[in-house]
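An overview of the molecular structure
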Amino acid sequence: MGAGLSGDPLGKVRLTMGLQAFERRLEQLVEGVFARASRGGLQPVELGRRMTREMDLERTVGVRGLVAPNHFVIELSPQDAERFEAFGEALTQELAEGAREHAREEGYRFLGSVVVEMTSDPSLSPGVFRVGARTESGAGGMTPSLVLPDGHRVTMGDQPLTIGRLPESAVVVNDPNVSRRHAELVRRDGAVILVDLGSTNGTLVNGVQVSEVPLSDGDEVTIGATALRYELI
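First things first, this report covers the structure right here in the doc. (Residues numbered from 1 in each chain as written. Predicted model: local features only at pLDDT ≥ 70, side-chain atom pairs only at ≥ 80, totals over all residues. Heavy atoms only, no water.)

Describing empty space enclosed by the protein
Applicable threshold: Cavity means a closed set of points on a 1 Å grid over the protein atoms alone, one where a 1.4 Å probe fits but cannot get out, pocket means an open set with protein on both sides within 12 Å along at least 5 of 7 lines, and lining means a residue has an atom within 4 Å of a point. Grid points are joined across faces, edges and corners, and a volume is the space filled by probe spheres set on the points. What counts as a helix is a DSSP run of H or I of at least four residues, what counts as a strand is a run of E of at least two, and both are numbered from the N terminus. Throughout, the ten residues Ala, Val, Leu, Ile, Met, Phe, Trp, Tyr, Cys and Pro are labelled nonpolar, Asp, Glu, Lys and Arg are labelled charged, and all others, Gly among them, are labelled polar.
Scanning the entire structure with this criterion turns up 1 cavity of 30 Å³ or more. What lines the largest cavity is simply Arg100, Ala103, Arg104, Tyr108, Phe110, Asp217 and Leu232. For the lining of the largest cavity, the element with the most residues is helix H5 (residues 88–106), which contributes 3 residues. Here the lining of the largest cavity is built from residues that sort into 4 nonpolar, no polar and 3 charged.

Here you go:
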């Protein structure tokens, strides 16, 4: 577990394009009233930077490559915890998404879903925080999901996840180039398979037209003119 202080040079990490985009989203999250009220105090972007640093420090070598921590506990001073409370759920979601982006860029794997918790520690002063990171295996493994162009995420359960123009589809794509029942994700032999359902204009995975293919974390699925990203969370 590491301790962080605003302006601490140890918090500097290598900024990739994905991490920069993550930081921009965190900055946008606190624009407006909160940003004006908290100018000069601890900023969420510092939490994101420290989380990715902990991932780099705590990564281990697994059977299938590098494994990164997926459970993070952020300890804040009571004052900072109160300031972040108004948008705490949105903040933890963005921090988890940033961890997944960093893992994709660095080639890390997770053994379970990414979880971010924020707690208050009375012993900490304003601006001081700690981030604990550990690796936890999910009881049911990682959860497959599709990330929509607007950033919303549709997770997959035990049943097939359908994609198409029909309103009852799990992922509704309002595009004239998309068939009513265009494609679906199904579980088979421990893998998630993308199946084209005889669509008129076909389905692409990473730019290649497919009829049926197992998906890997980070694959881009193109339905008509809409690009979806497949992720394990």
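Quick word on the sheet that holds strand E12 (residues 191–196)
Rule in force here: By this definition, two strands are paired if DSSP reports at least two bridges between them.
Pairing within the open sheet is mixed, and its 5 strands lie in the order E10-E9-E11-E12-E15. Each end of this open sheet is capped by a strand with a single partner; those strands are strand E10 (171–172) and strand E15 (212–214). Across 6 bridges, the pairing between strand E11 (residues 183–188) and E12 is antiparallel. Each bridged residue has a counterpart across the sheet, and for Val186 the counterpart in E12 is Ile193.

So, the layout of surface pockets
If a probe the size of a water molecule is rolled over the atoms, the empty space left behind becomes visible. The calculated volume of the second largest pocket comes to roughly 440 Å³. Broken down by element, the lining of the second largest pocket gets its largest block of residues, 8 residues, from H5.

Some thoughts on the pairing of strand E4 (residues 71–76)
It is a general feature of regular strands that their side chains alternate between the two faces of the sheet. Inclusion rule: Remark: exposure states derive from per-residue accessible area (1.4 Å probe, protein chains only) relative to the maximum for the residue type, with buried under 20%, exposed over 50%, and partly exposed in between.
By the criterion of burial, E4 is predominantly enclosed, with 6 of the 6 residues buried. What you see with E4 is no split at all: His71, Val73 and Glu75 on one side and Phe72, Ile74 and Leu76 on the other are buried throughout. With 6 bridges connecting them, E4 and strand E5 (residues 115–120) associate as parallel partners. Counted as the bridge partner of Glu75 is Thr119 from E5. With 6 bridges connecting them, E4 and strand E6 (residues 128–134) associate as antiparallel partners. Each bridged residue has a counterpart across the sheet, and for His71 the counterpart in E6 is Arg134.

Considering H5
What counts, and what does not: Multiplying one less than the number of residues by 1.5 Å gives the expected span of a helix.
The end-to-end C-alpha distance of H5 is 27 Å, a good match for the 27 Å that 19 residues give at a rise of 1.5 Å each. Considered for burial, the residues of H5 that qualify are Gly88, Leu91, Thr92, Leu95, Ala96, Glu97, Gly98, Ala99, Arg100, Glu101, His102 and Ala103. After H5 finishes, the residue Gly107 shows a positive phi value of roughly 80°.

Describing helix H3 (residues 44–58)
The terminal C-alpha atoms of H3, which comprises 15 residues, lie 21 Å apart, in line with the 21 Å expected from a rise of 1.5 Å per residue. For H3, every residue scored as buried is listed here: Pro44, Val45, Glu46, Leu47, Gly48, Arg50, Met51, Thr52, Glu54 and Met55.

Quick notes on the environment of Ser120
Within the fold, Ser120 resides in strand E5. On the basis of relative accessibility, which here comes to 42%, the residue Ser120 falls in the partly exposed class. With 42 residues separating them along the chain, Ser120 and Pro78 place their C-alpha atoms 5.3 Å apart.

Section: the nonpolar core
Counted only if it meets this: For this analysis, a nonpolar core means a set of buried residues of the types Ala, Val, Leu, Ile, Met, Phe, Trp, Tyr and Cys, connected via side-chain atoms within 4.5 Å. Note on contacts: a residue pair qualifies if any of its non-hydrogen atoms lie within 4.5 Å across the two residues.
One finds Leu47, Met51, Met55, Phe72 and Ile74 to be the most contacted residues of the largest nonpolar core, which totals 23 residues. The set of elements that each furnish at least two residues to this core consists of H3, E4, H5 and E6. The dominant element in this core, judged by the number of residues it contributes, is H5, at 5 residues. Every residue in contact with Met55, bar those within four places of it in the chain, is listed here: Ala68, Pro69, Phe72, Ala99, His102, Ala103, Tyr108 and Phe110. If you look at the next biggest cluster of nonpolar residues, it comprises 20 residues, including Met156, Leu161, Val192 and Val205.

Observations concerning unusual backbone geometry
Residues other than glycine seldom take positive phi values, yet Asn206 does so here, at roughly 55°. Within the secondary structure layout, Asn206 lies in the loop between strand E13 (203–205) and strand E14 (208–210). With a relative accessible area of 46%, Asn206 lands in the partly exposed category.

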